[in-house]
Amino acid sequence: MTKPAEFYQRDTARHPPAFTPDYKTSYARSPRFSLISLDQGVGEVTGPTFGHGDIDAGDNDLLSNYAQPGQSPIGERIILHGRVLDENTRPVPNTLVEIWQANAGGRYRHKNDRYLAPIDVNFGGCGRTLTDDEGHYHFRTVKPGAYPWRNRVNDWRPAHVHFSVFGTAFCQRLITQCYFEGDPLIPRCPIVQTIPDPDAITGLTAKLDMNATIPLDTIAYRFDIVLRGRRATLFENRMEGT
Amino acid sequence: MMADDLGYLKETASQTAGPYVHIGLAPGAAGFDIYDQELGWDIAGPNAAGERIRVQGRVIDGTGSPVKDVLLEVWQANAAGHFAHPDGGGEVEDGFRGWGRVITDFQTGDWAFDTVKPGPCPGRNGATQAPHLNLWIVARGINLGLHTRMYFADEGAANAADPVLTMIEWENRRTTLLAERVEGDGPATYRFDIRLQGDGETVFFDI
Ligand SMILES: [Fe+3]
């Protein structure tokens, strides 16, 4: 049995720091001490696995997974698709991708959301799927609306879809948000701007993908996700006992 | 996706899970049923060996207030010290996943889950790690998910030899990773409060 290899050190410059005062909620929820660096062991380089028995085939179709029979949610019909890759450019197959989002009016189906835009009776706002052998995933949904939030007096979130991805190891676990290219709210958003690297923000912006569009039916956006990469086992690595 | 001149891609940036993470990851708790099965509520399954335990606590912010919209995930070994993964060190019982997901009560900030107490598992360079749970915490206001560990305060000898606990330079911070055992009716309960900031700030790891 080959010993499991370690994952590359996380490039913290790629991610928002914990303390980002323009995003006010981070003020009291950010650790003040530096993270303590931990050599990876078996619990870090392994993670939960999921299979087709865990989800239903229609869970990736937000146009239908909460709609009444014969009805659809209101809004711009979109396909949101892409690949999950690792830093070595290899696809991450069979990994669980979960999304959640507001409806076309910017309202979440959540006990705690009291925005005055209406709930859509035909829209739940969550979906999940497993990537295929080449790391591809796709969802059908509506384009979410922008919504206001309590931060500064007049802050609005750009249209976005929240993504949760597992990878093959607990150290790859990632939650992020996908934005839509051309949205003028992106540069104004204090949550987007927690990310110091403009290239990393570009990486969170889904691009219009006319080739994946279904004519007269659904427009398409592409969003690729990169998870941490793993060392090759070219040389004996030093993680023993696993 | 453009690889750099060595052929590598860069990791996708993290963003906060936000206040409505429950819709995506625990929709039943958000107030609606959509999936036939929600994931992560059954960590150990019916066949797992070892002691059945309950783990409960709160996540506390820098003002001392409970965080009422947090989501935690746990990743743990079984009683034999094996993780449910091809590289996990050995077999696990049928139905043992070792992975769970729990959210807080929106009013109180309390969270709890039921599992089995994990066994010791191998560490690096021949060391043995004391029984522990790997935890990952996301919430509104947390920009990058926080990794920490929960150890069992009643495992004094194993904890004293644990390579991760002993690696923490500040001995007084090691205790932030210890859960106290509380005996009562039913399964033993371990109490574990996580402090995001301030006095007794929990140790979080860059893994
Ligand atoms: Fe949102």
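To start, this report covers the structure provided alongside it. Being a predicted model, the structure only gives us computed values, none of them experimental.

Definitions and cut-offs
Residues numbered from 1 in each chain as written. Chains lettered and ligands numbered in written order. Predicted model: local features only at pLDDT ≥ 70, side-chain atom pairs only at ≥ 80, totals over all residues. Heavy atoms only, no water. Helix = DSSP H or I, 4+ residues; strand = E, 2+ residues; numbered from the N terminus. Rg over C-alpha atoms; globule rule 2.2 N^0.38 Å. Buried < 20%, exposed > 50% of the residue type's maximum accessible area, 1.4 Å probe, protein only. Contact = heavy atoms within 4.5 Å. Lys, Arg positive; Asp, Glu negative; His and termini not counted. Charge placed at Lys NZ, Arg CZ, Asp CG, Glu CD. Donors = N, O, S within 2.8 Å, 3.2 Å for Na, K, Ca; no water. Tetrahedral: all angles 85-135°; square planar, octahedral: opposite > 155°, others 65-115°. Phe/Tyr/Trp six-rings, centres within 6.5 Å; stacked < 30°, edge-to-face > 60°. Lys NZ or Arg CZ within 6 Å of the ring centre and 35° of its normal. Buried area = accessible area lost by both parts, 1.4 Å probe. Salt bridge = Lys/Arg side-chain N within 4 Å of Asp/Glu carboxyl O. Core = buried A, V, L, I, M, F, W, Y, C linked by side-chain atoms within 4.5 Å. Polar contact = N/O pair within 3.5 Å; in protein donor to acceptor, adjacent residues only side chain to side chain. Pairing = 2+ DSSP bridges.

Moving on, we come to the overall build of chain B. Looking only at helices and strands, chain B features four helices and twelve strands. Relative to its length of 207 residues, chain B is compact, with a C-alpha radius of gyration of 18 Å against a globular reference of 17 Å. Looking at chain B as a whole, 57% of its 207 residues are labelled buried. A fraction of 65% describes how many contacts in chain B between residues 6 or more apart in sequence connect residues 24 or more apart. Side chains of chain B carry 16 positive and 30 negative charges; the gap between the two charge centres is 4 Å.

Here we come to the coordination of the iron ion. All names here are of chain A. Y108 (OH), Y147 (OH), H160 (NE2) and H162 (NE2) make up the full set of protein donors to the iron ion, lying at 1.9 to 2.2 Å. Each of the four donor atoms around the iron ion contributes to a set of angles spanning 90 to 164°, which defines the coordination as irregular. If you list the donors of the iron ion from N- to C-terminus, the spacing comes out as Y-x38-Y-x12-H-x1-H. You can see Y108 sitting in the loop between β3 (96-101) and β4 (126-130) and its partner H160 sitting in strand β8 (residues 160-165), a full 52 residues away along the chain. The exposure class assigned to H160 is buried, which follows from its relative accessible area of 2%.

Our next topic: the packing of aromatic side chains. Tallied over the full model, the rule gives 18 aromatic pairs over all chains. With a centroid separation of 5.9 Å and 80° between ring planes, the pair formed by A:Y8 and B:Y8 is classed as edge-to-face. Linking A:Y8 in the segment before α1 (26-29) with B:Y8 in the segment before α1 (21-25), this pair reaches from one chain into another. An angle of 65° between the planes, with centres 5.8 Å apart, marks the rings of A:Y23 and A:W149 as edge-to-face. With a gap of 126 residues between them, A:Y23 in the segment before α1 and A:W149 in strand β6 (residues 147-149) connect regions that are remote in the sequence. Like A:W149, A:Y23 is buried. One aromatic cluster is present, formed by A:Y137, A:F139, A:F163 and A:F223 through successive ring pairs. A cation over an aromatic ring shows up here: A:R32 above the ring of A:F19, its NZ or CZ 4.6 Å from the ring centre.

As a further point, take the interface of chain A and chain B. On the side of chain B, 82 residues touch chain A, which itself brings 90 residues to the contact. Buried area between chain A and chain B, both sides added, is near 7,900 Å², and the carbon and sulfur share of it is 58%. If you sort the residues of chain A by the area they bury against chain B, A:R29, A:I36 and A:F170 come out on top, with a joint share of 11%. The tally of links from chain A across to chain B stands at seven salt bridges. Between B:D69 and A:R29 there is a salt bridge, and its shortest N-O distance comes to 2.9 Å.

Attention now goes to the nonpolar core. Counting residues in hydrophobic clusters, the biggest one holds 36 residues, and the most contacted among them are A:L80, A:V84, A:F163, A:F223 and A:I225. Mapped by element, the contributors of at least two residues to this core are β2 (77-86), β3, β5 (136-142), β8, β9 (174-180), α3 (198-202) and β12 (225-227) of chain A. No other element matches β9(A), which puts four residues into this core. A:F50, A:I55, B:A30 and B:W136 belong to the second-largest nonpolar core, a separate cluster that totals 34 residues.

Here the focus is the environment of B:R52. Residues and elements named next belong to chain B. Within the secondary structure layout, R52 lies in strand β1 (residues 52-60). Placed 13 residues apart in sequence, R52 and S65 show a C-alpha to C-alpha distance of 30 Å. Discounting residues that sit within four places of it in the chain, R52 has contacts with A44, G45, P46, N47, T115, V116, P187 and A188. Here the side chain of R52 touches G45 through a polar contact of 3.0 Å, landing on its backbone oxygen.

Moving on, we get to the pairing of β3(A). Residue and element names in this part refer to chain A. Taking burial as the measure, the six residues of β3 include six buried ones, the bulk of the element. Neither face of β3 is exposed, since L96, E98 and W100 on one face and V97, I99 and Q101 on the opposite face are all buried. Taken together, the five bridges between β3 and β4 define a ladder with antiparallel strand orientation. Each bridged residue has a counterpart across the sheet, and for E98 the counterpart in β4 is R128. Sheet topology note: the β3/β8 ladder contains five bridges and is antiparallel.

A full pass over the atoms with the stated rule returns 24 salt bridges over all chains. One salt bridge connects A:D199 with A:R14, and the closest N-O pair in it is separated by 2.9 Å. Of this pair, A:D199 sits in helix α3 while A:R14 sits in the segment before α1, and the two are 185 residues apart along the sequence. On the basis of relative accessibility, which here comes to 44%, the residue A:D199 falls in the partly exposed class. According to the relative accessible area criterion, A:R14 is buried, its value standing at 7%. The closest approach of N and O atoms between B:R181 and B:D154, which form a salt bridge, is 3.6 Å.

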